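Notes for the structure review
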Amino acid sequence: MAKNLLSIKDLTKEEILDLIKFSNNFIDDEGNFRKENLFPEKIVANVFCEPSTRTKSSFAIAAGNLGCSVVDFNIDNSSVQKGESIFETVDALNLMGVDLCVLRHPKSVIRELAESLPKMVFINAGEGAISHPTQALLDIKTIIDHKNSLDGLKIVIVGDLDHSRVTSSFVEGISNFDVDSLIFSGHPEMCSKYQNPEIGKYEPDFEKALQDADVVMTLRIQYERFEKDLDLDLETYKNSYQLSTSKLGCAKADAIIMHPGPVNYVEITEAVYDSENSVIRQQIANGVAIRMAVLSRFLSS
Ligand code: CP
């Protein structure tokens, strides 16, 4: 296994499946996370330079469950506000004895950091609109929990795909599996990178895309990443691309509905979020188990 988890492409199919299997050991029969004092001497720093609820909290909980000390780095109260660069910031944590840095950053800085600080382990917790490997792992785990395998499934991803690091890492992660069909859907101006994809195909008509789907992954509009104001009539958008109970009727009856969060209820209705098909809350819980597995493996390597 690589020393750092910078991209899902750092993992083979076998390593992805091993991490998912290993993560199941951290959930007991009642669905609670086991607390194992496996790494009491290790220090994990949670360095988030973009907002986060799920990823940041789940890494902190996962590290605590494994017995690690956790440095909860808060960028707003840090010396970054006095002009310090991310390189000086992470080097300072390195010099203080941090073993593993969980990093979310709007820019692609993680590779250069990993090269310049070889003693530290780096886990990518979100790299701009580029990648989010642990989200891909928990998404694949959630699909396997419900469908046993990715093989033979029809998977639909809908929403603001151009700004979605969740989509890019998920597609890279499943590219080694025998998914039957992968369909990208959404407003053409939000799917420019997916009109002629390397794997799968683009279908602008969301109801057509949903026909017989096994898995539907919905994504919010990432307003914060648009360079110019978005001229969009929300009601028209919802008519075409919001996953409603009536559109869900086009998918298979046992289709699972996913969303990485946070949910805005533009891309999905509250009724679908709360429906029996929704596994969105399980994705959040799976985030802790997956991050316990990732921290364990990468702290041991
Ligand atoms: N899915 C995800 O990355 O959520 P957060 O931004 O809340 O961490």
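Residues numbered from 1 in each chain as written. Predicted model: local features only at pLDDT ≥ 70, side-chain atom pairs only at ≥ 80, totals over all residues. Heavy atoms only, no water.

1. Looking at the pattern of salt bridges
This structure, assessed with the given rule, holds eleven salt bridges. Notably, a salt bridge pairs Lys 147 with Asp 254, separated by 3.6 Å at the nearest N-O pair. You can see Lys 147 sitting in helix 5 (residues 133–147) and its partner Asp 254 sitting in the loop between helix 9 (245–248) and strand 9 (256–258), a full 107 residues away along the chain. With a closest N to O distance of 3.5 Å, Lys 238 and Glu 235 form a salt bridge. Of this pair, Lys 238 and Glu 235 both sit in helix 8 (residues 234–241), three residues apart, roughly one helical turn. The partly exposed category is assigned to Lys 238, whose relative accessible area is 22%. Several salt bridges share partner residues, and in doing so they unite Glu 50, Arg 165 and Arg 225 into one network. (Salt bridge = Lys/Arg side-chain N within 4 Å of Asp/Glu carboxyl O. Helix = DSSP H or I, 4+ residues; strand = E, 2+ residues; numbered from the N terminus. Buried < 20%, exposed > 50% of the residue type's maximum accessible area, 1.4 Å probe, protein only.)

2. Here we look at the pairing of strand 8 (residues 215–218)
Within a regular strand, the side chains alternate between the two sheet faces. Burial of strand 8 is two-sided: the residues Val 215 and Met 217 facing one way and the residues Val 216 and Thr 218 facing the other way are all buried. Here strand 8 pairs with strand 9 via three bridges, running parallel. Considered in strand 9, the bridge of Met 217 is made with Met 258. (Pairing = 2+ DSSP bridges.)

3. Things to note about the pairing of strand 3 (residues 100–105)
Along strand 3, six of the six residues are buried, which leaves the element largely enclosed by surrounding structure. Going residue by residue along strand 3, you find Leu 100, Val 102 and Arg 104 tucked away on one face and Cys 101, Leu 103 and His 105 tucked away on the opposite face as well. As paired elements, strand 1 (residues 43–48) and strand 3 share five bridges and run parallel to each other. Residue Val 47 lies in a different strand from strand 3, and its bridge partner there is Leu 103. Bridge count for strand 3 against strand 4 (residues 121–127) is five bridges, and the pairing is parallel. Its bridge partner being in strand 4, Leu 103 is matched across the sheet by Asn 124.

4. Thoughts on the site of the ligand
What surrounds the ligand is the set Ser 52, Thr 53, Arg 54, Thr 55, Arg 104, His 132, Gln 135, Pro 260 and Gly 261. At a separation of 2.6 Å, an oxygen atom of the ligand approaches a polar side-chain atom of Thr 55. His 132 has a polar side-chain atom sitting 2.9 Å from an oxygen atom of the ligand. Across the complex, the protein chains shield 91% of the 260 Å² of accessible surface that the ligand would expose by itself. (Near = heavy atom within 4 Å. Polar contact = N/O pair within 3.5 Å; in protein donor to acceptor, adjacent residues only side chain to side chain. Areas by Shrake-Rupley, 256 points an atom, 1.4 Å probe, with all protein chains shown as cover.)

5. A word on the sheet that holds strand 2 (residues 69–74)
For sheets, the rule is that strands pair by backbone hydrogen bonds, running either parallel or antiparallel. What the four strands build is an open sheet, ordered 2-1-3-4; its pairing is parallel. Here the strands that pair on one side only, and so sit at the sheet edges, are strand 2 and strand 4. On average, adjacent strands in this sheet sit at an angle of 15 degrees to one another, irrespective of strand direction. (Axes fitted to C-alpha atoms, helices over the stretch in contact; angles between N-to-C directions.)

6. Side note on the domain arrangement of the protein
Domain boundaries assigned for the protein yield domain 1 (8–132 + 284–300) and domain 2 (133–279). When each unit is reduced to the centre of its C-alpha atoms, the spacing between domain 1 and domain 2 is 26 Å. At the junction of the two partners, domain 1 supplies 29 residues and domain 2 supplies 25 residues. Buried area between domain 1 and domain 2, both sides added, is near 2,400 Å², and the carbon and sulfur share of it is 61%. As a salt-bridge pair, Arg 165 and Glu 50 come within 2.9 Å of each other at their nearest N and O atoms. Those elements that place two or more of their residues in the side of domain 1 that touches domain 2 are helix 1 (13–24), helix 2 (54–65), strand 4 and helix 11 (280–300). Among the elements that line the side of domain 1 that touches domain 2, the one with the most residues is helix 1, at seven residues. (Domains from an automatic or database assignment. Contact = heavy atoms within 4.5 Å. Buried area = accessible area lost by both parts, 1.4 Å probe.)

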